[in-house]
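Each chain, written out:
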Amino acid sequence: MDGGRRDRLRAAAIRWAVLVIGLVVLLAGVGYAMPGWAVAHGAGDRGVFTVTREAVDCGRCVVEGTFTPDDPARPALARANVMGHLPAARLGEQSPAVGYQGAVYPPGGDGAWQRGAALAGAGLAALLLWTWLVLRRRSSSATVRPDA
């Protein structure tokens, strides 16, 4: 394989990687921001989160637990996923929390929507980079080069 073809294949692989990574990061950010926004604006069930599994030797690891809503008509969430930082980290500790769409948030959302928006912004930046790479390639391949 000649050097020119190898360079074109490498450039194409980079463009595809930027596209895929940008889309995944954008979608993950939007998926994280939307429920965080809802919780920050009053959505969800208020209740208590109880730690059932500690994070060992891990400063910011997600702690696993059970969320029990204040409303007894609502079902409890076992093995709930914590989205944010709750003050409860030791086995059996409890903390006020908000349950929303199968996840548990600190009251007020703890900035989950801002982190999701930042992640979505990074994905959007990657997609803009991809667009620039594609347009740059097309403009350079459309330029007619005179024979030497």
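Residues numbered from 1 in each chain as written. Predicted model: local features only at pLDDT ≥ 70, side-chain atom pairs only at ≥ 80, totals over all residues. Heavy atoms only, no water.

**Student:** What is the right way to read the overall build of the chain from this model?
**Tutor:** On a plain count of helices and strands, the chain comes out with 2 helices and 5 strands. Helices and strands appear in the chain in the N-to-C order α-β-β-β-β-β-α. For 148 residues, the compact-globule estimate of 2.2 N^0.38 gives 15 Å, and the chain exceeds it by more than 25% at 23 Å. The C-alpha extent of the chain, read off along each of the three principal axes, is 80 × 35 × 20 Å. Considering only contacts within the chain whose residues lie at least 6 apart along the sequence, 58% involve residues at least 24 apart. Total accessible area computed for the chain in this model is approximately 9800 Å², and 60% of it derives from carbon and sulfur atoms. (Helix = DSSP H or I, 4+ residues; strand = E, 2+ residues; numbered from the N terminus. Rg over C-alpha atoms; globule rule 2.2 N^0.38 Å. Contact = heavy atoms within 4.5 Å. Areas by Shrake-Rupley, 256 points an atom, 1.4 Å probe, with all protein chains shown as cover.)

**Student:** In this structure, what is going on with the nonpolar core? I would like to understand it.
**Tutor:** Soluble globular proteins tend to bury their nonpolar side chains together. Counting residues in each nonpolar core, the largest one holds 10 residues, listed as Phe49, Val51, Val63, Phe67, Ala80, Val82, Leu86, Ala88, Ala97 and Val104. Within the residue set of this core, elements represented by two or more residues are β1 (45–53) and β3 (77–82). With sequence-adjacent residues up to four places away left out, Ala97 is seen in contact with Asp45, Arg46, Gly47, Phe49, Phe67, Leu86, Val104, Tyr105 and Pro107. Val39, Met83, Tyr105 and Ala112 belong to the second largest nonpolar core, which has 7 residues in total. (Core = buried A, V, L, I, M, F, W, Y, C linked by side-chain atoms within 4.5 Å. Buried < 20%, exposed > 50% of the residue type's maximum accessible area, 1.4 Å probe, protein only.)

**Student:** I would appreciate a short explanation of the packing of aromatic side chains in the present structure.
**Tutor:** By convention here, two paired aromatic rings are described through the distance between centres and the angle between planes. Evaluation of the coordinates by the stated rule reveals 1 aromatic pair. Pairing Trp37 with Trp113 gives two aromatic rings, centres 4.8 Å apart and planes at 85 degrees, and the pair type is edge-to-face. Separated by 76 residues along the polypeptide, Trp37 in helix α1 (residues 3–40) and Trp113 in helix α2 (residues 112–142) bring together distant segments of the chain. Classification of Trp113 by relative accessible area gives partly exposed; the value is 27%. (Phe/Tyr/Trp six-rings, centres within 6.5 Å; stacked < 30°, edge-to-face > 60°.)

**Student:** Even after reading the chapter, I still don't get the confidence of the model for the chain, so can you show me in this structure?
**Tutor:** Where the model shows low pLDDT, its predicted coordinates should not be examined in detail. Overall, the predicted model of the chain reaches an average pLDDT of 88, with 91% of residues at or above 70. Least confident of the elements in the chain is β3, whose mean pLDDT is 88; most confident is strand β4 (residues 94–100), at 94. (pLDDT = per-residue confidence, 0-100.)

**Student:** Sorry if this is basic, but what is going on with the environment of Gln94 here?
**Tutor:** In this structure, Gln94 sits in strand β4. By relative accessible area, Gln94 is classed as exposed at 56%. Separated by 44 residues in sequence, Gln94 and Thr50 have C-alpha atoms that sit 4.4 Å apart. Among all residues touching Gln94, those that are not within four sequence positions of it are Val48, Phe49, Thr50 and Ala88.

**Student:** Teacher, can you tell me more about α1 here?
**Tutor:** Because an α-helix completes one turn every 3.6 residues, residues spaced three or four positions apart along the sequence face the same direction. Relative to the 56 Å expected for 38 residues at 1.5 Å per residue, α1 spans 54 Å between its end C-alpha atoms, a close match to the ideal helical length. When we look at burial in α1, the residues that qualify are Arg15, Val18, Leu19, Gly22, Gly29, Tyr32, Ala33, Pro35, Gly36, Ala38 and Val39. Positive phi appears at Gly42, one or two residues downstream of α1, with a value of about 100 degrees. (Expected span 1.5 Å × (residues − 1).)

**Student:** Sorry if this is basic, but what is going on with a nonpolar patch on the surface here?
**Tutor:** On the surface, a nonpolar cluster with roughly 340 Å² of combined accessible area is contributed by Trp16, Val20 and Val24. Relative to the elements of secondary structure, Val24 occurs in helix α1. Overall, Val24 belongs to the exposed group, its relative accessible area being 53%. (Patch = residues over 30% accessible without salt bridge, like charges linked within 9 Å, V, L, I, M, F, W, Y side chains within 5 Å. Salt bridge = Lys/Arg side-chain N within 4 Å of Asp/Glu carboxyl O.)

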